Each structure stands twice: as structure tokens, then as C-alpha cells.
Amino acid sequence: MSDVPMREPTFLVLTALAEEPRHGYAVIEDVATMTSGRVRLRAGTLYAALDRLRVDGLIEVDREEVVQSRLRRYYRLTGAGEQSLAAESARLRLQATIAESRLRTRRTHLGGATA
């Protein structure tokens, strides 16, 4: 695990794989759903990320199947991937808590004004 924050696409791909093994297109769809369409991964970007995550030991191939004469590869989170995702989730949660606390303090100092 690294102390460097995860890039958002990496975080989202790992999150998509946390629930169950998925093939590439299912990851793309899940990321779009999770982000209400704000993040739309392109296939080339996704598969480069999947390859990097495999090399890093964060994901692995779960299984492969042939669908309409094309190979469909399913990926799953490894134990290291789960730990990395949990650590990043905790880091983001802490940062959000700090931001919310400071916003509450700001509002108190401004007497409830939002200016």
C-alpha cells in the first residue's frame, strides 16, 4: 500500500470490483452508475488500468468465457486490492470529515451566513 492518494479512476475500478467479479464493460457501466454519469471510462483507459492493477497485485483474473465468439475476462479484487481500497476509503472519509468540520466552523464564525 502506498501513502500516495489513488487516482479517482483507480478508486472507482477497485470499487466496482469490490462487490463481485466483473468483465470490462460491466466495470465501465458500474463506474458510470456510481458517479451518476460524471465519470465515463473509455475502453482503452480501462484495459490499461486493469493491466496495471493486475501487475500491482490489486486485481486478478477470476474467469474467462467466450460470448458471441469473443473472449470475456472477469476480474476480481485480491486481498491486497481490498486492503488498498479500504485504506483509500478511510483516507477519503477522514478528509471529508475535516472539510465538513471546517465548513461548520466557518458557518458558526459567519453567524450562519453562507457568503
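Computed from a predicted model, the values in this text were never measured in an experiment.

Caption draft 1: Local environment of the packing of helix H2 (residues 24–34) against helix H3 (residues 43–55). Running from N to C, H2 and H3 cross one another at 110 degrees; their axes reach a closest spacing of 10 Å. Taken together, the axis directions place H2 and H3 in an arrangement best described as roughly perpendicular. Across the interface between the two elements, Gly24, Tyr25, Val27 and Ile28 of H2 pack against Ala43, Leu46 and Tyr47 of H3. Looking at the contact of H2 with H3, its residues break down into six nonpolar, one polar and no charged.

Caption draft 2: Quick peek at the pairing of strand E3 (residues 70–77). Across two bridges, strand E1 (residues 22–23) lies against E3 in antiparallel orientation. Residue histidine 23 lies in a different strand from E3, and its bridge partner there is tyrosine 74. Of the strand pairs in this sheet, strand E2 (residues 59–67) and E3 are connected by eight bridges, and their pairing is antiparallel. Residue pairing across strands places valine 67 opposite arginine 70, the latter belonging to E3.

What counts, and at which threshold
Note on numbering: residues in each chain are counted from 1, in written sequence order. Owing to the predicted nature of the model, reporting of local features is limited to residues with pLDDT of at least 70; listing and counting of side-chain atom pairs is limited to 80 or more, with chain, interface and lining totals taken over all residues. Working from all heavy atoms in the structure, the side-chain values ignore hydrogens and water. Helix axes are fitted to C-alpha atoms over the stretch in contact, other axes to C-alpha atoms as well, and angles between N-to-C directions run from 0 to 180 degrees. For the purposes of this entry, the term helix denotes a DSSP run of H or I that reaches at least four residues, the term strand denotes a run of E that reaches at least two, and both are numbered from the N terminus. Roughly parallel covers angles under 35 degrees, roughly antiparallel covers those over 145, roughly perpendicular covers 65 to 115, and oblique covers all other angles. Any two residues whose heavy atoms approach within 4.5 Å at even a single point are treated as in contact. When residues are sorted by character, Ala, Val, Leu, Ile, Met, Phe, Trp, Tyr, Cys and Pro go into the nonpolar class, Asp, Glu, Lys and Arg into the charged class, and all the rest, Gly among them, into the polar class. For two strands to be treated as a pair, DSSP must find at least two bridges joining them.

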